[in-house]
Amino acid sequence: MKASLRVQAFRQKLPDVSLSLEPVLTRWGTWLTAVDYYSEHFQELKELVATFEDNAVCVSEAKKIVDDCTVHNDLIHIKSHFTFIAT
């Protein structure tokens with residue numbers, strides 16, 4: 001969200017998807033809203049992260065996270081059982 005080139009790539013690849021909101025540490029609802037966002041757009045975000053070629057630590061960490069198959073399953077589980085709390 002801070003690197004302008006990555007934000008530009010995001011907007012080009014996913015023009016109809018808004019940038020995610022940053023969860024607030026002390027507000028549980030924002031974390032659940034983030035889970036909802038990432039579970040909805042996980043595949044598109046995974047494809048986008050795969051296109052990043054820079055060697056930044058955040059990019060390599062993001063690639064590891066989206067390649068972990070349990071992450072998407074966990075997001076779906078949390079979304080289906082807990083995101084109603086946020087509303």
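Student: Any chance you could explain the pattern of salt bridges here in plain terms?
Tutor: When their charged atoms lie close together, side chains carrying opposite charge are able to pair. Applying the stated criterion across every chain, the model contains 4 salt bridges. Residues Asp-54 and Arg-6 are paired through a salt bridge, measuring 2.9 Å at the closest nitrogen-oxygen approach. Of this pair, Asp-54 sits in the loop between helix H3 (42–51) and helix H4 (57–67) while Arg-6 sits in helix H1 (residues 4–13), and the two are 48 residues apart along the sequence. Between Lys-64 and Glu-61 there is a salt bridge; the shortest N-O distance is 3.4 Å. On the criterion of helical spacing, the pair formed by Lys-64 and Glu-61 is a turn pair, its members being 3 residues apart in helix H4. Under the relative-accessibility criterion, Lys-64 is labelled exposed at 54%.

Student: Please explain the nonpolar core as it appears in this structure.
Tutor: For soluble globular proteins, nonpolar side chains are generally found buried alongside one another. By size, the foremost hydrophobic cluster in this structure holds 13 residues, and its most contacted members are Phe-10, Leu-14, Val-17, Tyr-37, Leu-45, Leu-48 and Phe-52. Of all the secondary structure elements, the ones that give two or more residues to this core are helix H2 (28–40), H3 and H4. Sorting elements by how many residues they give to this core places H3 first, with 4 residues. The residues touching Tyr-37, leaving out its near neighbours within four places in the chain, are Phe-10, Val-17, Ser-18, Leu-19, Ser-20 and Leu-45.

Student: How do you make sense of the packing of H1 against H3 when you look at a structure like this?
Tutor: Between two packed helices, both the angle of their axes relative to each other and the distance between the axes serve to describe the pair. One way to put it is that H1 packs onto H3 with a least axis distance of 11 Å and a crossing angle of 130 degrees. In terms of their interaxial angle, H1 and H3 are classed as oblique. In this structure, H1 meets H3 at a crossing whose hand is right-handed. Contact residues: H1 offers Ala-9, Phe-10 and Lys-13, while H3 offers Leu-45, Glu-47 and Leu-48. Across the contact of H1 with H3, the residue classes tally to 4 nonpolar, no polar and 2 charged.

Student: Hey, could you run me through the packing of aromatic side chains in this one?
Tutor: Two measures describe an aromatic ring pair: the distance that separates the ring centres and the angle between the ring planes. Overall, the coordinates contain 1 aromatic pair when judged by the stated rule. With a centroid separation of 5.1 Å and 85 degrees between ring planes, the pair formed by Tyr-37 and Tyr-38 is classed as edge-to-face.

Student: Where do I start with H2 in this structure?
Tutor: Note on helix geometry: an α-helix contains 3.6 residues per turn, so any two residues three or four positions apart are oriented the same way. With 13 residues, H2 should reach 18 Å at 1.5 Å per residue; the first-to-last C-alpha distance of 19 Å fits that figure. Inspection of H2 places Leu-32, Ala-34, Val-35, Tyr-37 and Ser-39 among the buried residues, and these make up the whole buried set. In this structure, the buried side of H2 is in contact with H1, H3 and helix H5 (69–82).

Scoring rules and cut-offs
Residues numbered from 1 in each chain as written. Predicted model: local features only at pLDDT ≥ 70, side-chain atom pairs only at ≥ 80, totals over all residues. Heavy atoms only, no water. Salt bridge = Lys/Arg side-chain N within 4 Å of Asp/Glu carboxyl O. Helix = DSSP H or I, 4+ residues; strand = E, 2+ residues; numbered from the N terminus. Buried < 20%, exposed > 50% of the residue type's maximum accessible area, 1.4 Å probe, protein only. Core = buried A, V, L, I, M, F, W, Y, C linked by side-chain atoms within 4.5 Å. Contact = heavy atoms within 4.5 Å. Axes fitted to C-alpha atoms, helices over the stretch in contact; angles between N-to-C directions. Parallel < 35°, antiparallel > 145°, perpendicular 65-115°, else oblique. Left-handed = near helix turned anticlockwise from the far one by under 90°. Nonpolar A, V, L, I, M, F, W, Y, C, P; charged D, E, K, R; others polar. Phe/Tyr/Trp six-rings, centres within 6.5 Å; stacked < 30°, edge-to-face > 60°. Expected span 1.5 Å × (residues − 1).

By themselves, these are just geometric observations and shouldn't be taken as functional.
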